[in-house]
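Next come the chains, spelled out residue by residue.
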Amino acid sequence: MDYQSFKNAIIAECAALGIAEYELYYQSGSDTSIGVFAHEINEFSSSEGGGVCFRCIVDGKMGYASTQALNENEAKALVARAADSAACLETEEAVFLCEGGKEYRTLDRKLCDLPTTEEMIKTALETQEKLYAADPMVIDGCQTQVIAESSEIAIYNSKGLDLTYSNRLSGLVVAAVVSDGKEMSDSYEIKLGKLDALDTDELTKKAVADAKRKLGGEPPASGAMPVIFNTEAMCSLLGVFSSIFSSENAQKGLSALAGKEGEVIAADCVTLVDDPFHPENPIPMNFDGEGCPTYTKNVIEKGRLNTLLYNMKTANLAGKETTGNASKAGYDSSVGIRPFTMYLENGSLSEEELLAKAGNGVYITSLGGLHAGANPISGDFSLQSSGFKIENGKKTDYIKSFTVAGNFYELLKNVVALADNCRLPRAMGSTAFGAPSVLVDGLSVAGK
C-alpha cells in the first residue's frame, strides 16, 4: 500500500472511532554509498527505509504510535495503539497540531537525477587515481567515497494540513594522506552536486595541499592572545554550541540564554542567522517537523538576542509564536528543535585586514575533541587545535598540538571583527553551519 492509500485508511479509521484530532507523519528515503581505498572498491552499501508516525489527541492528551508496515490492517492497529497510548498518559500538558491554510514559501529548486551505480563507481575510482597522481608525497591510505541519497516527507492532519516534500542529492568525499618520510598527515574535502559537474581535479588538489600544510609544525607559546577561527573552525564551534539557542534547552535549564531574549549577549558586530532557504544548504525546507511554515530569522542581531528557536510546545510555554524550528530525527522520533542553516553574517574586513587587526596571535584551522572538550550547558571549551602563527598581521609558521580554551558565551561578547568570507564548508546533514573567519580577543592558548 502506498502512502496515499494508507493515509486514506487512517482517515477512515479515525472517522469510525470518532477521533477528531490527529496527524500522520510519513518519511522514507534511500541511501547508496560507494567507497574506494588503495585503488579498489572497499565499500558498497545501499538501503531503503522509512515509516509513519501517527499522533492523536484523546481527552486532551497526545498519543503516539509508529510503524513501517503500510497496509489496511496496520492502519487500524496504528490508530488503536495511539489512542491507547493517550489513555495511559498521566501528565497534563498542552498539546498542539498545526492549523492548515498557512502560507509556505515556494522552494526555488529542481530535483536532480541520482547517478547510476556505474556512474558512482567510475567517479570514485577515477578520483582515487587523481589523488595518487596529484603529488609525489601522496601515500596509501587515501580514500574516496561517492554518495547518493533521496528522501520524502509528508504531513497530514485533521486541521487541514496536507504537505509533501522530496529531496535528492549526490556528492563526493575525498580524503588525502601524505608523508614527507618523517610523519604523515591527512585532510578531506566534501562537495555535493551532480557527479559529472564536480571539479574532481580541484577537490583532489585542495585535499592534498591541505594535508601537506599539516606536516611539521610545533606548538605555539602559551598565553592569552588574539585568536582567529577560520571558516571551518568557527563552523565546528558553532555546531557544538548551537543547542544553546534551543528554547527547549533553555526551558530545561540547559542553556544560559533562558530569559535573555531582547538582551545584548554578543559584540555588536555579531549577527547570527537561521535560514531554511540558504542556497548552499542541500536540504532546504519550507515547513518544519510539525508542518509549520519556516522562515529566515536573525537569532542574534548586532549583538542582541532576538529570539530562541521554538516549536509549538515550547512557544506556548513561553507565550510566543513558534519560529518554525520543530524537528524530527526520524519518522518515529519525538518532536524536538533544530536550526536549518545557522550562520554568522559577514563582517566588513577582508581576511588580510582581519589578520592585520589581530597583529600577533594564532590562526586556527582545525579543532578536535569537540564532544569531549566542549560543554554546551556551561559554554566552557578546551579543544585540541592546529593552524598558523599570526606575526605582525601575517600568517606564518604552521602550528599544532595546542589547546584553545574559553567560554562560548564570553566568546560571543569578545568578537572583535569578522571577515567577509562566509561559507558553509562540508554542509551535508539536515542542519548546516556557516561562518566567516572570526577574530576573538583574549582566548587562552596552551602550547609549549
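Residues numbered from 1 in each chain as written. Predicted model: local features only at pLDDT ≥ 70, side-chain atom pairs only at ≥ 80, totals over all residues. Heavy atoms only, no water.

Draft legend 1. Seen up close, the side chain of Thr314. Of note, Thr314 is situated in helix α7 (residues 312-318). Residue classification places Thr314 among the buried residues on the basis of a relative accessible area of 3%. Look past the residues within four positions of Thr314 in its chain and what remains in contact with it is Ser247, Glu248, Gln251 and Ile337. (Helix = DSSP H or I, 4+ residues; strand = E, 2+ residues; numbered from the N terminus. Buried < 20%, exposed > 50% of the residue type's maximum accessible area, 1.4 Å probe, protein only. Contact = heavy atoms within 4.5 Å.)

Draft legend 2. Structural context of the packing of aromatic side chains. For the structure shown, the criterion picks out six aromatic pairs. On the basis of an interplanar angle of 70° and a centroid distance of 5.7 Å, the ring pair of Phe388 and Tyr398 is categorised as edge-to-face. On the criterion of sequence distance, the pair formed by Phe388 in strand β15 (residues 380-391) and Tyr398 in strand β16 (residues 394-407) is long-range, its members being ten residues apart. Tyr398 matches Phe388 in its accessibility class, with the two residues each being buried. Put simply, the rings of Phe241, Phe381 and Phe408 touch in pairs and so form one group of aromatic residues. Its end group placed over the ring of Tyr25, Lys328 keeps NZ or CZ at 4.9 Å from the ring centre. (Phe/Tyr/Trp six-rings, centres within 6.5 Å; stacked < 30°, edge-to-face > 60°. Lys NZ or Arg CZ within 6 Å of the ring centre and 35° of its normal.)

Draft legend 3. Focus on helix α5 (residues 231-241). Along α5, nine of the eleven residues are buried, which leaves the element largely enclosed by surrounding structure. Along α5, the residues classified as buried are Thr231, Glu232, Ala233, Met234, Cys235, Leu237, Leu238, Val240 and Phe241.

Draft legend 4. Up close: the environment of Asn311. Locating Asn311 in the fold gives a position in the loop between β10 (304-305) and α7. Overall, Asn311 belongs to the buried group, its relative accessible area being 4%. C-alpha separation for the pair Asn311 and Glu189, spaced 122 residues apart in sequence, amounts to 34 Å. At a separation of 2.9 Å, a polar atom in the side chain of Asn311 contacts the main-chain amide nitrogen of Thr314. (Polar contact = N/O pair within 3.5 Å; in protein donor to acceptor, adjacent residues only side chain to side chain.)

Draft legend 5. Examining the nonpolar core more closely. Phe229 and Leu411 are the most contacted members of the largest nonpolar core, which has 51 residues in total. Those residues in contact with Leu411 that lie beyond four places of it in its chain are Phe229, Met234, Leu237, Phe381, Val440 and Leu443. Counting 22 residues, the second-largest nonpolar core is a separate cluster that includes Val36, Tyr132, Ala176 and Ala211. (Core = buried A, V, L, I, M, F, W, Y, C linked by side-chain atoms within 4.5 Å.)

From the geometry alone we can't say anything about function, so treat these as descriptive.
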